[in-house]
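An overview of the molecular structure
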Amino acid sequence: MDVQFPLLVSSPVKRVISTIPEGTEKTPDLEGVVSRLSRNDSRAMMSRALSRNLTRASFKNLALVGGRTSRTFVVRDSAIKTPFDPEDDYDFDFESDDEESSPLRYESVVDLHKRNYRSFCNQLGVVPCSRILRELGKTSVNLSNLDLSNKELKAALLTFINDSEICEVNMTGNKLTVKEIDYLIELLTVNKRISSLILSSCQLSGEPLAKLAEFLSKCNTLQKLDLSHNDLKDRDVNSVCKIIQENESILDLILAHNNLGDSGVAIGIALAENDILQSLDLSWNHIRVVGAVGLANGVRKNTNLKTLIVAWNGFGFEGSVATGKLLQNNTTLVHLDLTCNRIHPPALFEIIKGLEKNKSLRLLNLSQNPITAPMTSIFLNRMLRAKHSALQELDLAGVVVDKEFKSVLEKIQQKRMFIVRYDTSLPLNTGTVTTADPKNIFNIDPIRILYFMKEHLRTIDLFLKFDKDSNNCLTRDEMQFAFEMEGYPISKAALDSVMSYLDTNKDGSVDLLLPKLQQEIDRLDKKYPGKYREFIEGERRLKRKLIQEREEDALRQGAEEELKRDHGYSQAYQTPTKPRFPPIKK
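Residues numbered from 1 in each chain as written. Predicted model: local features only at pLDDT ≥ 70, side-chain atom pairs only at ≥ 80, totals over all residues. Heavy atoms only, no water.

Here's the deal with the overall build of the chain
If you tally the helices and strands in the chain, you get 23 helices and 15 strands. Buried positions account for 42% of the 586 residues belonging to the chain. Here the chain has roughly 33100 Å² of accessible surface; of this, 51% comes from carbon and sulfur atoms. (Helix = DSSP H or I, 4+ residues; strand = E, 2+ residues; numbered from the N terminus. Buried < 20%, exposed > 50% of the residue type's maximum accessible area, 1.4 Å probe, protein only. Areas by Shrake-Rupley, 256 points an atom, 1.4 Å probe, with all protein chains shown as cover.)

Remarks on the sheet that holds strand 9 (residues 307-309)
The strand order across the open sheet formed by 11 strands is 3-4-5-6-7-8-9-10-11-12-13, and the pairing between neighbours is parallel. The open sheet has two free edges, formed respectively by strand 3 (140-142) and strand 13 (419-422), since each of these has just one partner strand. With direction set aside, neighbouring strand axes in the sheet form an average angle of 5 degrees. When strand 12 (residues 393-396) meets strand 13, the two strands line up parallel, connected through 4 bridges. Among the inter-strand pairings, glutamate 393 is bridged to a residue of strand 13, identified as isoleucine 419. (Pairing = 2+ DSSP bridges. Axes fitted to C-alpha atoms, helices over the stretch in contact; angles between N-to-C directions.)

Remarks on the packing of aromatic side chains
Inspection of every chain in the model, using the stated rule, returns 2 aromatic pairs. Here tryptophan 284 and tryptophan 312 contribute two aromatic rings whose centre-to-centre distance is 4.9 Å and whose plane-to-plane angle is 15 degrees, an arrangement assigned as stacked. On the criterion of sequence distance, the pair formed by tryptophan 284 in the loop between strand 8 (279-281) and helix 13 (290-301) and tryptophan 312 in the loop between strand 9 and helix 14 (316-329) is long-range, its members being 28 residues apart. (Phe/Tyr/Trp six-rings, centres within 6.5 Å; stacked < 30°, edge-to-face > 60°.)

Looking at the pattern of salt bridges
Within the structure shown, the criterion is met by 9 salt bridges. A salt bridge links lysine 242 to glutamate 246; the shortest N-O distance between them is 3.3 Å. One end of the pair is lysine 242 and the other is glutamate 246, both in helix 11 (residues 237-246) and 4 residues apart, which spans about a single turn. By relative accessible area, lysine 242 is classed as partly exposed at 24%. With a relative accessible area of 37%, glutamate 246 lands in the partly exposed category. Put simply, lysine 353 and glutamate 350 hold a salt bridge, and the shortest N to O gap is 3.5 Å. One end of the pair is lysine 353 and the other is glutamate 350, both in helix 15 (residues 345-357) and 3 residues apart, which spans about a single turn. Salt bridges sharing common partners tie together Glu214, Lys218, Lys242 and Glu246. (Salt bridge = Lys/Arg side-chain N within 4 Å of Asp/Glu carboxyl O.)

Quick word on the nonpolar core
Core analysis: the biggest nonpolar cluster contains 96 residues, and Phe160, Leu199, Leu227, Leu364 and Leu366 have the highest contact counts within it. What leucine 366 contacts, discounting residues up to four positions off in sequence, is Leu338, Ile343, Leu348, Ile371, Phe379, Leu394, Asp395, Leu396 and Val399. Of all hydrophobic cores here, the second largest spans 8 residues; its members include Leu474, Met479, Met499 and Val510. (Core = buried A, V, L, I, M, F, W, Y, C linked by side-chain atoms within 4.5 Å. Contact = heavy atoms within 4.5 Å.)

Let's talk about the confidence of the model for the chain
The share of residues in the chain with pLDDT of 70 or more is 62%, and the mean pLDDT across the chain is 75. This model gives residues 54-82 a pLDDT under 50, and the stretch forms 52 contacts once residues within four places in sequence are excluded. Of the regions scoring below 50 in pLDDT, residues 532-537 engages in 5 contacts with residues more than four places distant in sequence or in other chains. (pLDDT = per-residue confidence, 0-100.)

Focus on the environment of leucine 251
Summarising the element assignment, leucine 251 is placed in the loop between helix 11 and strand 7 (252-254). For leucine 251, a relative accessible area of 30% corresponds to the partly exposed category. When the C-alpha atoms of leucine 251 and leucine 277 are compared, they prove to be 4.4 Å apart, with 26 residues separating the residues in sequence. Ignoring any residue separated from it by four or fewer positions in sequence, one finds leucine 251 in contact with Gln223, Ile276, Leu277, Gln278 and Ser279.

Section: a nonpolar patch on the surface
On the surface, Val265, Ile269, Val289 and Val290 cluster together into a nonpolar patch covering about 300 Å² of accessible area. Note that valine 265 resides in helix 12 (residues 264-273). (Patch = residues over 30% accessible without salt bridge, like charges linked within 9 Å, V, L, I, M, F, W, Y side chains within 5 Å.)

Quick word on unusual backbone geometry
Even without being glycine, tryptophan 312 reaches a positive phi, approximately 55 degrees. Here the phi dihedral of cysteine 340 falls at roughly 50 degrees; this positive angle occurs in a residue that is not glycine. Looking at where cysteine 340 falls in the secondary structure, it is placed in the loop between strand 10 (335-337) and helix 15.

Details of helix 8 (residues 150-161)
The end-to-end C-alpha separation of helix 8 is 17 Å, in line with the 16 Å expected for 12 residues at 1.5 Å each. When we look at burial in helix 8, the residues that qualify are Leu153, Ala155, Ala156, Leu157, Thr159, Phe160 and Ile161. At its buried positions, helix 8 is contacted by helix 6 (109-124), helix 7 (130-135), strand 3 and helix 9 (178-190). (Expected span 1.5 Å × (residues − 1).)

Some details on the environment of serine 149
Looking at the secondary structure, you find serine 149 in the loop between strand 3 and helix 8. On the basis of relative accessible area, serine 149 is assigned to the partly exposed category, the value being 34%. Sequence separation of serine 149 and asparagine 174 is 25 residues, and the distance between their C-alpha atoms is 8.8 Å.

Digging into the packing of helix 13 against helix 14
Two elements in contact, helix 13 and helix 14, have axes separated by 8 Å at closest approach and are oriented at 0 degrees. In this view, helix 13 runs roughly parallel relative to helix 14, as classed from their interaxial angle. Where helix 13 abuts helix 14, its residues Ala292, Val293, Ala296, Asn297, Val299 and Arg300 lie against Glu318, Gly319, Ala322, Thr323, Lys325, Leu326 and Asn329. Looking at side-chain class alone, the contact of helix 13 with helix 14 contains 6 nonpolar, 4 polar and 3 charged residues. (Parallel < 35°, antiparallel > 145°, perpendicular 65-115°, else oblique. Nonpolar A, V, L, I, M, F, W, Y, C, P; charged D, E, K, R; others polar.)

Details of the packing of helix 11 against helix 12
Between helix 11 and helix 12, whose axes approach to 9 Å, the crossing angle comes to 10 degrees. On the basis of their axis angle, the class for helix 11 and helix 12 is roughly parallel. As for the relative orientation of helix 11 and helix 12, their crossing is right-handed in sense. Between helix 11, through Val237, Cys241, Ile244 and Gln245, and helix 12, the contact on the second element is made entirely by Ala266, Ile267, Ala270, Leu271 and Glu273. Classifying every residue of the contact of helix 11 with helix 12 by side-chain character gives 7 nonpolar, 1 polar and 1 charged. (Left-handed = near helix turned anticlockwise from the far one by under 90°.)

Considering the pairing of strand 12
Looking at chain direction, strand 11 (residues 363-365) and strand 12 are connected through 3 bridges and run parallel. By the bridge assignment for strand 12, asparagine 365 is matched with aspartate 395.

Pasting the structure below:
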């Protein structure tokens, strides 16, 4: 009697069961086994056996599962499997086979990059750098100040080529020659995900910069490039202009702390043709007069630049005139930084002319410029009447404002949002002060009060005004009386500061006639008896010169003493370890 099983063509397991030859007699043992197994149990048992045997017959390949977060390699069964053949000898043993069927697991992606890096170092004969090992797997790689050799840098960049998660590479402080630039170009060519490249203090001046500029003129993936602190000079301006003119992807270009100077003319011409760049930093570049005018003329024709930082240069009056014309014509500039650019009141007037007609500028930085206190209120009055101005933030740090400044500022703020940063305003002149209220003691640097008090007088005339007994010197009491007469109550500590600043010979009084000046007058009196008064103009110039020299020497000496002291500033202001001073024009 034949054993009959229901046939399902779609099930290979059933096909295996159905291969029992017809005509085979049913033995009691076989019948007992078949009878003990239900249909569902037989189907599940045979399916597991078939699945195990098909896995053994399949090809195995590595695949990364779970994304970058799981960081695990697993062996998956290939989608291509060998066809099932019922004549083959398959294992229907249902014992555990976990050792053979379990997936093979490897280390994380970071460990794989570390293994590759060590392998490259071994091939190049260099020691792996622990700092680089810690940077592997990050989106922003920081290799600053490692002073890597040619082979060490090559091993690192070869590792980064296969890391598609890197977005920024920081090479600050590493000297890059033509060979290192070649490795860097290969990295940028293969890894298209890198969008930010920081090459500050890499000594790129000359041939390395030319090599980099040639590549960047064709590169369309980089969005930020930092070339600051590379001592770029006028001879490198062609490479800089090539990057500005021909690159079609860089949005943020930093060229700060170089020595481009008069190259501002060429950079201005390049900017006039660029319609991609959005931010340009040219601070600390000794850009003066000719370079400032050329740069401003180029930015005036630009149609996309939004941020221009030219702080700590020397625009002066000529550059301010060109900047005023820039603001009149440019419609895209949003942020303009003119910190410490020798902008005096006449130069500021030229900038105000442009601001009154500009409709796009929102942030203007004029801090650390020689702007007088009365000029600040004039500036705000002009902004109050400027109906089309979009200016929202004004930075006047280091500039003392006058007594009318706050009232004008409040009027502007009633109409629109307007934020101003400035030094403490001068108090109102209320006449003679008999008693000083400790709560209202003027708190800013008293030397600035003196500067304001002598704004409309020569220094010698101011002192003579306070010298009531005409003994050519001012005592401590006379100095305090002078402050009170001008409407500035002064504390004891502030008065000590003033006397320490002005009393150079420490005799308790401020001498109005310097010894050198008296010697010069005596010499003129001997040489031209009774006639030296004819040289009154020369005497006045001599007085101004000698007083100016004395003030400059005192300021220089005070600055040097201040730097030697160990100040404990709050977190809001930290003294830099190496203070930077603006360049002094020789």
